[in-house]
Amino acid sequence: MSYLRNCWYAAGWSQDIGDKPMARQFLGEHVVLYRTADGTPHALEDRCPHRFAPLSMGTLIDDQIQCPYHGLRFGTGGECVYNPHYAALPKAAKVASYPLLERYGMVWIWMGDEPADADKLPADFAFLTAPGFKAVSGYLRVEANYMLVVDNLLDLTHAPYLHPAFAIPGMTVEERLARTTTELERRPERVIARRWRKSCPPNGPTRSLFGFTDPLMDSRSHMHWLPPSLIFFDAGAARLDEAEELGLCLPAMHAITPETERSCHYFFAQGRNMLLDDPVADETLFGILDNAFRNEDEPMIEAQQARMGAETDVLALDPVLLKSDGAPVAARRALAALIAAEQAR
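Residues numbered from 1 in each chain as written. Predicted model: local features only at pLDDT ≥ 70, side-chain atom pairs only at ≥ 80, totals over all residues. Heavy atoms only, no water.

Peer 1: So what exactly am I meant to see when it comes to the pattern of salt bridges here?
Peer 2: Close approach of charged atoms allows side chains with opposite charge to pair. Scanning all chains against the criterion turns up 17 salt bridges. The salt bridge partner of Arg35 is Glu102, with a shortest N-O separation of 2.7 Å. Taken together, the residues Arg35 in strand 3 (residues 29-35) and Glu102 in strand 9 (residues 100-103) connect sequence positions 67 residues apart. Owing to a relative accessible area of 13%, Arg35 belongs among the buried residues under this scheme. The class of Glu102 is partly exposed, set by a relative accessible area of 36%. With its nearest N and O atoms 3.3 Å apart, the salt bridge here joins Asp313 to Arg332. You can see Asp313 sitting in the loop between helix 5 (279-307) and helix 6 (326-344) and its partner Arg332 sitting in helix 6, a full 19 residues away along the chain. Given the relative accessible area of 31%, Asp313 is considered partly exposed. Salt bridges here are not isolated pairs; linked through shared partners, they connect Glu183, Glu185, Arg187 and Arg194. (Salt bridge = Lys/Arg side-chain N within 4 Å of Asp/Glu carboxyl O. Helix = DSSP H or I, 4+ residues; strand = E, 2+ residues; numbered from the N terminus. Buried < 20%, exposed > 50% of the residue type's maximum accessible area, 1.4 Å probe, protein only.)

In structure tokens, the structure reads:
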């Protein structure tokens, strides 16, 4: 399977990477993640070149990762720096190292062969560490192709069917869909699926968690796809004729990293501009999101992948397309063009 490689992929939340080696697979490649004593994160190929043992099963000694099988040690650049069996260091004893970038409370990995470019990490996720916002975050491993998760996020018409917690009191599913205005914007490296519901009752969490009692509000749920598989979700609700930034703002990040052709890592974070110092709000909001993703979205996506058999590209199966499929199809086509251009270079 072809991937876009010269870009940043989410590798792990910062707090999850420490001095104990962590094994992960990205784009079909086995990688070990760890931090040296100064706190810097590093990533190496997770396969000793001697007998191919996983380095992630080893330990860190003086910032060097020691193979658990025969004791060779490797530095942060992937070079063999210690051989306990004889003085000489085998010239071929080295593993690949991968550039990392730590930003927004996350460690990002660059899997390409072009020089890593920090400017290629979108600035949309600055809310994760910005004053005036509080975020909760989580992680799921999904047994499905990563673009199926992207499809799910870019088409929110599934929400009334899969996510009862986000129901709008007094509105049927048909009324909810009919009252939603949509707009699709296609750019070479960004697809934006905008959705508004003007002068409609707010959904359940807006009332129960954030305490809004207004019978009618203006709400938005705008999905920004950023290649290869990042989503910035601009969601919120405002009182009628009130500026969006003065109301409830719920920006979110969804970072989906391919593990294999049929599995992926799904990192999510939900910000808010209200109840910043309320631990109950943290717990409640995380519970709502984790339940929606873990128990509602992901079982459906995994079942979808199972029914697709060996195929991982939904478009290859010639699916029936609805109007709501515009954003997922646009993102897939844009990504295919970027991959083709990268391979041509």
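Peer 1: Explanation requested: the layout of surface pockets in the structure shown.
Peer 2: By rolling a water-sized probe across the atoms, one finds the places where empty space is left. Of the volumes computed, that of the largest pocket is approximately 520 Å³. In this structure, the largest pocket is lined by 21 residues; those nearest its centre are Asp151, Asn152, Asp155, Gln304 and Asp325. Among the elements of the structure, helix 1 (146-154), helix 2 (159-162), helix 5 and helix 6 are those that each provide at least two residues to the lining of the largest pocket. (1 Å grid on protein atoms, 1.4 Å probe; cavity = no way out; pocket = protein on both sides within 12 Å on 5 of 7 lines; lining within 4 Å. Points joined across faces, edges and corners; volume = space filled by probe spheres on them.)

Peer 1: What am I meant to see in the sheet that holds strand 5 (residues 59-61) here?
Peer 2: In a beta sheet, neighbouring strands are held together by backbone hydrogen bonds and run either parallel or antiparallel to one another. An order of 5-6-7-8 is seen for the four strands of this open sheet, with the pairing classed as antiparallel. Each edge of the sheet is formed by a strand with only one pairing partner; in this case those strands are strand 5 and strand 8 (80-82). Bridge analysis of strand 7 (residues 73-74) against strand 8 gives two bridges, and the strand direction is antiparallel. Bridged to Phe74 within strand 8 is Cys80. (Pairing = 2+ DSSP bridges.)

Peer 1: Just checking my understanding: could you explain the packing of helix 1 against helix 6 for this structure?
Peer 2: The packing of two helices is summarised by the inter-axis angle and the distance between the axes. Two elements in contact, helix 1 and helix 6, have axes separated by 8 Å at closest approach and are oriented at 140°. Judged on the interaxial angle alone, helix 6 and helix 1 are oblique. The element helix 1 and its partner helix 6 pack so that their crossing is right-handed. Between helix 1, through Tyr146, Met147, Leu148, Asp151 and Leu154, and helix 6, the contact on the second element is made entirely by Ala327, Pro328, Ala331, Arg332 and Leu335. Looking at side-chain class alone, the contact of helix 1 with helix 6 contains eight nonpolar, no polar and two charged residues. (Axes fitted to C-alpha atoms, helices over the stretch in contact; angles between N-to-C directions. Parallel < 35°, antiparallel > 145°, perpendicular 65-115°, else oblique. Left-handed = near helix turned anticlockwise from the far one by under 90°. Contact = heavy atoms within 4.5 Å. Nonpolar A, V, L, I, M, F, W, Y, C, P; charged D, E, K, R; others polar.)

Peer 1: Would you mind going over the sheet that holds strand 3 with me for this structure?
Peer 2: Spatially, three strands are ordered 2-3-4 in an open sheet, and the strand pairing comes out antiparallel. Two strands in the sheet have a free side with no partner beyond their single neighbour: strand 2 (22-26) and strand 4 (41-45). On average, each strand axis in the sheet is tilted by 35° relative to the strand beside it, whichever way the strands run. Two elements, strand 3 and strand 4, share five bridges in a ladder whose sense is antiparallel. Bridge pairing in strand 4 links Tyr34 to His42.

Peer 1: I'm lost on the packing of aromatic side chains in this one. Help?
Peer 2: Any aromatic ring pair is given by two values, namely how distant the centres are and how the planes are angled relative to each other. Under the criterion given, the structure shown has 12 aromatic pairs. Both rings, one in Tyr139 and one in Phe267, keep their centres 5.0 Å apart while their planes meet at 45°; by these two values the pair is tilted. Here Tyr139 is found in strand 11 (residues 134-142), whereas its partner Phe267 is found in strand 17 (residues 263-272), with 128 residues between them in sequence. Taking the relative accessible area as the measure of exposure, Tyr139 reaches 26% and is therefore partly exposed. Look at Phe268 and Phe286: their rings are 6.3 Å apart centre to centre, the planes differ by 20°, and that puts the pair in the stacked class. With Phe268 in strand 17 and Phe286 in helix 5, the pair connects residues that are 18 residues apart, well separated along the chain. Aromatic rings pair up to connect Tyr104, Trp108, Phe125, Phe127 and Phe232 into one cluster. One cation-aromatic arrangement involves Arg24 over Tyr139; the distance from NZ or CZ to the ring centre is 4.7 Å. (Phe/Tyr/Trp six-rings, centres within 6.5 Å; stacked < 30°, edge-to-face > 60°. Lys NZ or Arg CZ within 6 Å of the ring centre and 35° of its normal.)

Just distances and angles here, no functional claims.
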